[in-house]
Amino acid sequence: MKLNMITATSVAVLFSAQIHAAAPVEEAGASSANTVATNSVALSSSNLTMEQRIERLERMLQARNQVQLDLQNQVEDMSDSMSTMVGQLEQSNYQIEQLIERQREIYQELDRRFAQLQASPITAKAATEAAPVAAGEDQAYDAAVALVMQDKDYDAAIPAFQSFIKDYPKSSYAPNAHYWLGQLQYTRGQRDQASEQFNKVVNDYPDSNKVAESLLKLGIIAQFQNNNAEAKSLFTRVVKEHPNTAAAGLAQTRLAKL
């Protein structure tokens, strides 16, 4: 009887021990599952934050690129505006040069006429014989000049000077007439024809006061033709051979830009 009770008690103790032994294992398993679940949630949250960061960086990069593009467009617009302003300034400077040159030519023409009036008088017979020719020559030349100075009719002035050169090839006005014709053709963009007239002045009338201006114009025409070496040579010639003249000053300015 006692043996049976001891046996039953031992079995009960062993069973209870097994139950208590299994409980920690189950609790440990549950704790491990909870830890895995928590880590999974944390990892998911970490991935979401990284994606948000990447999206934010992408937006910042796009914004920076847009700012750079806007700045580049602004710089290009400013560059275009500057180019336009420089072109307008060069055109204005050229027009001013032309205006100054025409005024100088007027004064030179007046000085030449005045010098002729102050020249030594010729004999009465010679004056009588030369009067009709001189009158016709003066009248033709004055009429051609008036078309430029007064009427501003440059189209009519070109044939007027051409006729004068043909009718009075040995006139004292011939170098001026060639220069005026070259100037008119140059203004109309007929640079090859203008070069012929300016070269005529330089080569056939080396003592004319139009030589410096003719050399200057030949240099400018060479610049238009992208012949900078020839232009430099001509401008240098103006400065060396005709110093202290308005043409030399303009030539020096152009030399500095070559």
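That block above? That's the structure.
What you see is a predicted model, and the numbers here were worked out from it, not measured in a lab. (Residues numbered from 1 in each chain as written. Predicted model: local features only at pLDDT ≥ 70, side-chain atom pairs only at ≥ 80, totals over all residues. Heavy atoms only, no water.)

A.B. asks: A description of the overall build of the chain should follow, citing residues and the corresponding values.
C.D. replies: Looking only at helices and strands, one finds 8 helices and 0 strands in the chain. Of all intrachain contacts in the chain linking residues separated by at least 6 positions in sequence, the fraction that spans at least 24 positions is 52%. Approximately 17700 Å² of the chain is accessible, and the part contributed by carbon and sulfur atoms is 57%. (Helix = DSSP H or I, 4+ residues; strand = E, 2+ residues; numbered from the N terminus. Contact = heavy atoms within 4.5 Å. Areas by Shrake-Rupley, 256 points an atom, 1.4 Å probe, with all protein chains shown as cover.)

A.B. asks: Got a sec to walk through the nonpolar core? Specific residues and values, please.
C.D. replies: Core analysis: the biggest nonpolar cluster contains 22 residues, and Tyr 186, Phe 198, Leu 215, Leu 216, Phe 235 and Val 238 have the highest contact counts within it. Secondary structure elements with two or more residues in this core: helix H4 (174–187), helix H5 (191–204), helix H6 (211–224), helix H7 (228–241) and helix H8 (246–257). Per element, the largest residue contribution to this core is 8 residues, and it comes from H6. Core analysis: the second largest hydrophobic core is formed by 16 residues, Val 148, Phe 161, Leu 181 and Leu 184 among them. (Core = buried A, V, L, I, M, F, W, Y, C linked by side-chain atoms within 4.5 Å. Buried < 20%, exposed > 50% of the residue type's maximum accessible area, 1.4 Å probe, protein only.)

A.B. asks: Break down the packing of aromatic side chains for me, with residues and values.
C.D. replies: If you walk through the whole model with that rule in mind, you get 7 aromatic pairs. A centroid spacing of 5.2 Å and a plane angle of 40° characterise the contact between Phe 164 and Tyr 168, whose relative ring orientation is tilted. Look at Phe 164 and you get buried, because its relative accessible area is 2%. Three or more aromatic residues joined by ring pairs form one cluster here, namely Tyr 141, Phe 161, Phe 164, Tyr 168, Tyr 173 and Trp 180. A cation over an aromatic ring shows up here: Arg 191 above the ring of Phe 224, its NZ or CZ 4.0 Å from the ring centre. Over the face of the ring belonging to Tyr 186 we find Lys 217, whose NZ or CZ atom lies 6.0 Å from the ring centre. (Phe/Tyr/Trp six-rings, centres within 6.5 Å; stacked < 30°, edge-to-face > 60°. Lys NZ or Arg CZ within 6 Å of the ring centre and 35° of its normal.)

A.B. asks: Got a sec to walk through the side chain of Gln 185? Specific residues and values, please.
C.D. replies: Relative to the elements of secondary structure, Gln 185 occurs in helix H4. Accessibility expressed as a relative area gives 5% for Gln 185, which makes it buried. A polar contact of 3.4 Å, which involves the side chain of Gln 185, links it to the backbone nitrogen of Ala 194. Aside from chain neighbours lying at most four places away, what touches Gln 185 is Gln 162, Gln 190, Gln 193, Ala 194 and Gln 197. (Polar contact = N/O pair within 3.5 Å; in protein donor to acceptor, adjacent residues only side chain to side chain.)

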